[in-house]
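Listed below, chain by chain, are the residues.
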Amino acid sequence: MLKQIPGTLGAFCLALLISSLVTPLAAAADDEVVISDGPATITHDELAEILASTPDKIRNAAARDRGDRFALINELVINRKLVAEAEKVGADDPGYRDLQSRLDKVKREFAFKRALANYELPDLEALAKERYKTHKDEYATIPETRASSHILLAQAPGPDRTELREKAQRLLEELRAGADFEDYVEEYSGDPGSSKRGGSLDRWIRFGDPGITPPYSEALFAIDEVGGYSEVTDSQFGVHIIRLDGIRESGYKPYEEVRGAIMEDLIAEHRKLASKAVSASFGITDDAFVDGDALEELFAPYQ
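Before going into details, it helps to say that this report is about the structure given with it. Think of each chain on its own: its residues are numbered from 1, step by step along the sequence as written. Local features are withheld for residues below a pLDDT of 70 in this predicted model, meaning they are given only at 70 or higher, and side-chain atom pairs are given and counted only at 80 or more; totals for whole chains, interfaces and linings count all residues. Heavy atoms throughout the structure, all of them, feed into the side-chain values; hydrogens and water do not.

Quick look at the overall build of the protein now. Numbered from the N terminus, helices here are DSSP runs of H or I no shorter than four residues, and strands are runs of E no shorter than two. Looking only at helices and strands, one finds 13 helices and 8 strands in the protein. Projected onto its principal axes, the C-alpha coordinates of the protein cover approximately 95 × 70 × 45 Å. Note on classification: 1.4 Å probe, protein chains only; a residue is buried when its accessible area is under 20% of the maximum for its type, exposed when over 50%, partly exposed between these limits. Looking at the protein residue by residue over its 303 residues, the buried ones come to 27%. Exposure was quantified through the Shrake-Rupley algorithm and a 1.4 Å probe, taking into account, for residues, occlusion by the shown protein chains and nothing else. Accessible surface, the protein: about 20,500 Å² in total, of which carbon and sulfur atoms supply 53%.

This is how it looks when you write it as structure tokens:
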């Protein structure tokens, strides 16, 4: 046992110490003490329970390496000795009230969680389906998305863009009159990525898409019909002429796709209600005794 090994022994004795714990731990009876050092004792069952709740990384390392095993056991002994030290604190100790307050908090949380665990979740399937019907916009909306192409007359922010806008306006009028868009992309666009695809952004965009500069998104969703063009649009990249290439109408995801999110919310709501019910179950009852005179005396200084 640990207490039988002097603390001044070297690493070799330490290895022997750890080795002496291996066989007893595996063969010990359920009620046998397997670690003892002064006020710190740990039984076979206690250690088994501790190991079961220890993080895998720490437990597995201790199982393979005797040094890690000793470190784990040492930590357990330290904890037990600290608890024993705290138990020596009497009512006349200045830290007694604080200690009791902390213990009471742990006990309250333990009792509350235990009582809450007795509240079983009801079958929420019917409620989830009803929530889907009444809150479709919240859970199931598929927003309208649009495909587009553009011609970018590139220019960094700062310089005056009057001439650039006038040029863009002229090109826009020619496009609306029937000029070939892809030819103009090749000749005028300063966006090297989309230019290789005839001006296409090659993505579906929803209104307010965070991956798209807001002026572009707003101009795109202002176009009335597929094949139409936006007005000349400024962004930080320059001046755009945008063509609407396609529309995917908004709609709703089927119930099965959003069931998980709805269930998650319903479970959270139920647990909140259950928590209130548990708290209420511990509230003051009609059988309680309250000394009204004592209360008046205690509250008087604060009135």
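Alright, that's what it looks like, and here's the rest.
With that settled, the discussion passes to the environment of Asp202. Relative to the assigned elements, Asp202 resides in the loop between α10 (192-195) and β5 (205-206). Take Asp202: its relative accessible area is 59%, and that puts it in the exposed class. Measuring from C-alpha to C-alpha, the distance between Asp202 and Glu49 comes to 57 Å, with 153 residues separating the pair along the chain.

Attention now goes to the pairing of strand β1 (residues 33-37). For β1, a buried count of 4 out of 5 residues is recorded, marking the element as mostly surrounded by other parts of the structure. Where β1 and strand β2 (residues 40-43) come together, 4 bridges link them in antiparallel fashion. Across the sheet, residue Ser36 finds its bridge partner in β2, namely Thr41. Note on pairing: DSSP must find at least two bridges between two strands before they are called paired. Connecting the antiparallel pair β1 and β2 is a turn made up of 2 residues, with Gly38 showing a positive phi of about 60°.

With that out of the way, let us pick up a nonpolar patch on the surface. Together, Ile284, Val290, Leu295, Leu298, Phe299 and Tyr302 give the surface a local cluster of nonpolar side chains, amounting to about 720 Å² of exposed area. Relative to the helices and strands, Phe299 resides in helix α13 (residues 292-299). Candidate patch residues must exceed 30% relative accessible area and have no salt bridge, after which like charges are joined if within 9 Å and Val, Leu, Ile, Met, Phe, Trp or Tyr side chains if within 5 Å. The term salt bridge refers to a pairing of a side-chain nitrogen on Lys or Arg with a carboxyl oxygen on Asp or Glu at a separation within 4 Å.

Quick look at the side chain of Thr213 now. Topologically, Thr213 is positioned in the loop between β5 and α11 (214-220). With relative accessibility at 13%, the residue Thr213 sits in the buried group. By definition, residues are in contact when any of their heavy atoms lie within 4.5 Å. Once residues within four sequence positions are removed from consideration, Thr213 is found in contact with Ser235, Gln236 and Phe237.

Using the criterion set out here, one finds 15 salt bridges in the structure. Of the charged contacts, one joins Asp98 and Arg102 as a salt bridge, the two residues approaching to 3.0 Å between their closest N and O atoms. Of this pair, Asp98 and Arg102 are both found in helix α5 (residues 96-117), 4 residues apart, which corresponds to roughly one turn of the helix. Its relative accessible area of 55% is what places Arg102 among the exposed residues.

Backbone-to-backbone hydrogen bonds join strands into a sheet, with any given pair of strands oriented parallel or antiparallel. Read across the open sheet, the 4 strands follow the order β5-β4-β7-β6; overall the sheet is antiparallel. Across the chains shown, the open sheet's two edge strands, defined by having one partner strand only, are β5 and β6 (233-235). Pairing of strand β4 (residues 145-154) with strand β7 (residues 238-248) involves 10 bridges; the strand directions are antiparallel. Residue pairing for β7: Leu152 is matched across the bridge by His240. As a rule, the C-alpha atoms of each element are fitted with a line to give its axis, helices using only the stretch in contact, and angles between N-to-C directions run from 0 to 180 degrees. Those strands touched by helix α8 (residues 162-176) are β4, β6 and β7, and its axis lies near 35° from that of β7. This element, helix α9 (residues 181-188), spans β4 and β7 of the sheet and lies at about 40° to β4.

This part is about the nonpolar core. What makes a nonpolar core is a set of buried Ala, Val, Leu, Ile, Met, Phe, Trp, Tyr and Cys residues whose side-chain atoms join them at distances within 4.5 Å. Formed by 13 residues in total, the largest nonpolar core has its most connected members in Ile151, Leu153, Leu175, Phe181, Tyr229 and Ile241. Contributing elements (two or more residues each) for this core: β4, α8, α9 and β7. The element that contributes the greatest number of residues to this core is α8, accounting for 5 residues. What Leu153 contacts, discounting residues up to four positions off in sequence, is Leu164, Lys167, Ala168, Leu171, Tyr188, Phe237, Gly238 and Val239.

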